[in-house]
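# Overview (structure and organization)
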Amino acid sequence: MIDIDALRRHLPRRLREGRTVLLVANTDSQESPPGVEQESVAAFLEHPPGPRVPLVLLPDTLSALDVTTGQQLLGGLRDRWADEVLILHRRDDERWGLNDFLALGFRHDPEAEAAAPDHTVYRTSLYDYKLTPDWLNARFWANPEMWDKRRW
């Protein structure tokens with residue numbers, strides 16, 4: 001059983017208090033936790049949200065989808081529809097591996113796996129998907145100590 005509240009406590013404050021959408025393959029099979037909107041993948045892909053959703057959760061959703069549809073869903077969520085995506089993927093589903101998620105820009109999040117022990121947790125975030133490298137700063141680019149000393 002997945003503890004959605006434990007997952008939300010693991011997330012940053014902006015995501016705990018924002019809108020959360022739970023994407024499931026079949027809406028008849030699960031009951032939505034309080035404060036979480038539940039929607040089927042088919043309905044979500046047919047009518048994607050206009051503004052970005054702060055948090056989208058996918059518990060066991062990819063296991064019920066074919067790989068191509070799953071890749072399209074994850075690519076759309078990452079690029080256009082969500083600020084942060086949290087995937088809870090069954091460890092026994094061998095169609096999806098670590099490299100498949102890494103190729104789509106997701107990272108393995110072992111700290112969140114305490115809330116879902118039989119799942120592997122992957123996530124991506126619009127706010128921290130790319131770490132700023134050390135060399136990308138004004139010290140290396142502006143080089144103010146060389147102004148008016150040499151012509152480049």
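Look above for the structure.
Scope of this entry: the structure provided in the associated data block. Keep in mind that what you see is a predicted model, and the values were worked out from it rather than measured. (Residues numbered from 1 in each chain as written. Predicted model: local features only at pLDDT ≥ 70, side-chain atom pairs only at ≥ 80, totals over all residues. Heavy atoms only, no water.)

## Points about the nonpolar core
Note the threshold: Here, the term nonpolar core denotes a set of buried Ala, Val, Leu, Ile, Met, Phe, Trp, Tyr and Cys residues that are joined through side-chain atoms within 4.5 Å. Accessible area is worked out with a 1.4 Å probe on protein chains only. A residue is then buried under 20% of its type maximum, exposed over 50%, and partly exposed in between. The secondary structure listing takes helices from DSSP runs of H or I that are at least 4 residues long and strands from runs of E that are at least 2 residues long, numbered from the N terminus. Contact between two residues is taken to exist if any of their heavy atoms lie within 4.5 Å; hydrogens are not considered.
The biggest cluster of nonpolar side chains holds 21 residues, and the ones touching the most others in it are Leu23, Leu58, Leu74, Leu77 and Ile87. At the level of secondary structure, the elements contributing two or more residues to this core comprise β1 (20-24), α3 (41-46), β3 (53-59), α5 (67-81) and β4 (82-90). The element that contributes the greatest number of residues to this core is α5, accounting for 4 residues. Ignoring anything within four residues of it in the chain, the contact list for Ile87 reads Leu58, Leu62, Leu74, Phe101, Phe106, Thr120, Val121 and Tyr122.

## Here's the deal with the side chain of Thr124
Quick note on the threshold: N or O atoms closer than or at 3.5 Å make up a polar contact, with two conditions inside protein: a donor-capable atom paired with an acceptor-capable one, and, for residues adjacent in sequence, both atoms drawn from side chains.
Its location among the elements puts Thr124 in strand β6 (residues 119-125). Only 3.2 Å separates the side chain of Thr124 from the backbone oxygen of Gly105, close enough to count as a polar contact.

## Examining the pairing of β3
Put simply, the rule reads: Two strands make a pair as long as DSSP finds a minimum of two bridges between them.
Counting buried positions along β3 gives 6 out of 7 residues, so the element sits mostly inside the fold. Judged from the 3 bridges that link them, β1 and β3 form a sheet pairing that is parallel. Bridging across to β3, Val21 finds its partner in Val56. Pairing of β3 with β4, which is carried by 6 bridges, proceeds in the parallel orientation.

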